[in-house]
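Structural overview
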2 protein chains.
Amino acid sequence: MNAEILSIGDELLIGQVTNTNATYLGEQLSLLGITVRRITTIGDHIDTLQKEFRRAWKENDIVISTGGLGPTHDDVTRAAFSNVFDMPLVEHALVLDDITRFLSERRRPVTAANRDQAMVPAGAEIIRNNNGTAPGYCIHRDMKHFFVVPGVPHEMTGMVESFILPRLLENFRNARASTTVLTTGIPESTLAELLGDIQSRCDGCSMAYLPSTLGVRVRLTAIDPEQERAAERIALMQAHINERAGEFVFGTDDDRLEAVVLKLLIDTGKSIAVAESCTGGLITDRITNVPGSSRCFDRGVIAYSNRSKIETLGVDPRIIETHGAVSRQTAEAMAAGVRQLAGSSIGISTTGIAGPDGGTASKPVGLVWIGIAGETGTHACEYYFGTDRIRCKQRSAQAALDTVRRTLLHLPLQPTTIRSQP
Amino acid sequence: MNAEILSIGDELLIGQVTNTNATYLGEQLSLLGITVRRITTIGDHIDTLQKEFRRAWKENDIVISTGGLGPTHDDVTRAAFSNVFDMPLVEHALVLDDITRFLSERRRPVTAANRDQAMVPAGAEIIRNNNGTAPGYCIHRDMKHFFVVPGVPHEMTGMVESFILPRLLENFRNARASTTVLTTGIPESTLAELLGDIQSRCDGCSMAYLPSTLGVRVRLTAIDPEQERAAERIALMQAHINERAGEFVFGTDDDRLEAVVLKLLIDTGKSIAVAESCTGGLITDRITNVPGSSRCFDRGVIAYSNRSKIETLGVDPRIIETHGAVSRQTAEAMAAGVRQLAGSSIGISTTGIAGPDGGTASKPVGLVWIGIAGETGTHACEYYFGTDRIRCKQRSAQAALDTVRRTLLHLPLQPTTIRSQP
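Report on the accompanying structure.

Cut-offs used in this document
Residues numbered from 1 in each chain as written. Chains lettered and ligands numbered in written order. Predicted model: local features only at pLDDT ≥ 70, side-chain atom pairs only at ≥ 80, totals over all residues. Heavy atoms only, no water. Helix = DSSP H or I, 4+ residues; strand = E, 2+ residues; numbered from the N terminus. Buried < 20%, exposed > 50% of the residue type's maximum accessible area, 1.4 Å probe, protein only. Contact = heavy atoms within 4.5 Å. Areas by Shrake-Rupley, 256 points an atom, 1.4 Å probe, with all protein chains shown as cover. Lys, Arg positive; Asp, Glu negative; His and termini not counted. Charge placed at Lys NZ, Arg CZ, Asp CG, Glu CD. Pairing = 2+ DSSP bridges. Core = buried A, V, L, I, M, F, W, Y, C linked by side-chain atoms within 4.5 Å. Buried area = accessible area lost by both parts, 1.4 Å probe. Salt bridge = Lys/Arg side-chain N within 4 Å of Asp/Glu carboxyl O. Phe/Tyr/Trp six-rings, centres within 6.5 Å; stacked < 30°, edge-to-face > 60°. Lys NZ or Arg CZ within 6 Å of the ring centre and 35° of its normal. Axes fitted to C-alpha atoms, helices over the stretch in contact; angles between N-to-C directions.

In terms of helices and strands, chain A carries 15 helices and 17 strands. Structurally, chain A occupies a C-alpha span of about 80 × 55 × 40 Å along its principal axes. For chain A, the residues scored as buried account for 57% of the 422 residues in total. For chain A, the proportion of contacts with a sequence separation of at least 24, taken over those separated by at least 6, is 67%. Total accessible area computed for chain A in this model is approximately 16900 Å², and 49% of it derives from carbon and sulfur atoms. Treating the 43 positive side-chain charges of chain A as one cloud and the 49 negative ones as another, the clouds have centres 3 Å apart.

What follows is the structure in structure tokens.
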């Protein structure tokens, strides 16, 4: 099965927006065993769209077009589709219902432009949009499939996951198993050395390292005529990885470190409070992204100034005077202070120099102390997270959450192989 | 002048790598006034490459191909180029020198594969590569240009900046001015109605709406033989937009709302403190992303539970009992409480139901109250931000920051045209 992705929008051609939609679609189609032969990006011009729709439809089994379905004059995808497949536009009652409900939930009026979005190509099957007002549609002819969805990423992914992927799976099966193992606290090169020849031990498997600021993901893929055997191979590789680098593995696939940590807390009946200086709220933001986080998270304090560390967290001013705001002692006092304030089982803290200013020879930009206070005492670890402000915040928040994970799993507080993350 | 970007590599089609090269090239070419008509992404298959090289060369004035020039067997761009333009491969002394020097500076041997990279299409002009071993090349025929460069981003950008852009500038000049106006607090459809016929009033200008969760960006582009006149047209369109929708405009291009707000605070000698319930730290995270934020930001409190609102922010428990934690009264008490705690000029607060649970008929998931306390009193506004937890947080944080902007600029606290954001 061959596929082409048509990405529509002037903003993609002029480099204002990066085409991450095509990345997502390429990955999803590949995981189904579909060969993506081409990604074509074109602007919002109806003649071009019609020409490319016809060509792509002729050359491929599957075409997915994204973008150009908004309510404004520069959106012409619907008209092009309507012309190419000779399907005049008609108002669709279910779509109008969806649009009306979506807007009323947000207390917004249904404008003429919104109402016009309920006009869809007659005879096309509707792809409902739970995250916006533009519907998608598709046609299936001669064993071929043409899908049209909006370009707004979360609208597009919602429709691909709820409609397009299930529809494609109905049509052909191809046994492919895939898992992404998520690690944090270890650089790619060190991880690759630890894992070494694992891949060669598993026939028909492949392993790819995907490094990012927050850790290295290891993507495992196995292909087999039988689904069960492909899954077995993946499980075998996962077991090898856990044997060699298990301490760094916090989850798989879409797991998020904050959700993993909250589950550990809830499972052990513990609660957490957070005192943030250099991370500035990023840790509590991540914690509260998890539905149900209120079960083990009660409060956090963003203590950016010395005064706020003293007044709100009860840090002894002499500690800051003697050791500085960025020090083991201050990190420990912040963690213990917020634990006491909230009456929680665990207190976690960050204090560091995120830059660009404020660094010295002995305490350079990027130095971060992470403190943790719990039933068995209070500790702090030192990290060097580099000179980029945003990445320093991100890596600090990740390390702080990982410190909680390590504590709850009785692992060493800090990765032994390194002092700072990849 | 029309251009096409050919992005070559299987990794782009299977979604392993996002095509940021095309984003970069699209932007660079657009800035020169060149119209990028198409970006075509194809895999490393010689037949496909040859076919697409021929087509793109026929249809465009400029073709830039990236990728497929590495030293391994799956790199076939050079062979395709050699065949299409009938230029047999010959060893190029300067290129071999470059490769030898590049490797010796890194204490690496010149392998057979590296030496083979010095074989280039006879008659093509060389584009030297300071950051890697693969040379680029180009041909110029009949006023047309075909450039071939590697796909490794820093090698590609180095060669584009040192060779391709200067070469294109020699050949044609065309002035293009472009600005993106950033709005928040108004849905795309309402903004489009307000702005209406602005575009038709400005010759040679175009306007594109780019909606996102946090607001709508409006990209303005003008083309003119003279740079100054193109810039004047943009300024005229901007003036029209400010006249009709100025209250929603918070900046242009790469401005960030949090930085705009902090600058307003610093310029007026004011400080801010933050009390977050439903946003969970996202507001302080955004504030502390801005270098120098400590000049006007001292502390924040993440008060997730009722108890923490009472204990840490001093909210009267009777207020929560009578009106609930998500209410105008609680939002106001939180804002006033954190302002007093920090001794800041302004206190801002959020309390809402981010979901997925906790909604009722009268207080549905998505209901958010945003409070602000300042020298002239305390107020709160009601919003409905939809049922997606993460987006509800994002939109709440954006609205809270925009409430501060509106207060400092003496605008209505809440957009008058709507009760909730796009």
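All names here are of chain B. Across eight bridges, strand β10 (residues 205-212) lies against strand β11 (residues 215-224) in antiparallel orientation. Its bridge partner being in β11, Cys205 is matched across the sheet by Ala222. Here β10 folds back onto β11 in antiparallel fashion, the turn holding two residues.

Formed by 67 residues in total, the largest nonpolar core has its most connected members in A:Leu265, A:Ile348, A:Val404, B:Leu265, B:Ile348 and B:Val404. Setting aside its immediate chain neighbours within four residues, A:Val404 contacts A:Val261, A:Ile272, A:Ile346, A:Ile348 and A:Ile372.

The next thing to look at is the interface of chain B and chain A. Taken together, the contact pairs 81 residues of chain B with 72 residues of chain A. Summing both sides of the interface, chain B and chain A together bury roughly 5700 Å²; the carbon and sulfur share of this comes to 48%. Three residues, B:Leu13, B:Arg299 and B:Tyr304, lead the burial of chain B against chain A; their summed loss comes to 10% of the area buried on that side. Its salt-bridge partner being B:Asp285, residue A:Lys393 comes within 2.8 Å of it at the nearest N-O pair.

Time to look at the packing of aromatic side chains. Under the defined criterion, the tally for this structure stands at 18 aromatic pairs over all chains. Plain terms: the ring middles of B:Phe81 and B:Phe146 are 5.6 Å apart, the flat faces sit at 70° to each other, and that makes the pair edge-to-face. Pair noted here: B:Phe81 is in helix α4 (residues 77-84) and B:Phe146 is in strand β8 (residues 144-149), with a separation of 65 residues, a long-range link. The two residues B:Phe81 and B:Phe146 agree in class, both being buried. Cluster of aromatic residues (ring-pair linked, three or more members): A:Phe53, A:Trp57, A:Phe81, A:Phe85, A:Tyr137 and A:Phe146. Of note, A:Lys144 hangs over the ring of A:Trp57, and the distance from its end group to the ring centre comes to 5.4 Å.

Bringing the sheet that holds strand β11 (residues 215-223) of chain A into the picture now. Residues and elements named next belong to chain A. Sheet architecture is open: four strands sit in the order β10-β11-β9-β12, paired in antiparallel fashion. This sheet does not close on itself; its edge strands, each paired only once, are β10 (205-212) and β12 (249-252). Strand-to-strand, the axes of this sheet are offset by a mean angle of 20°, without reference to chain direction.

All names here are of chain A. Within the element layout of this structure, Ile283 appears in helix α11 (residues 282-288). Note: C-alpha distance between Ile283 and His240 (43 residues apart in sequence) is 32 Å. Those residues in contact with Ile283 that lie beyond four places of it in its chain are Val274, Glu276, Thr350, Ala397, Ala400 and Leu401.

In short, shape yes, function no, at least from these values alone.
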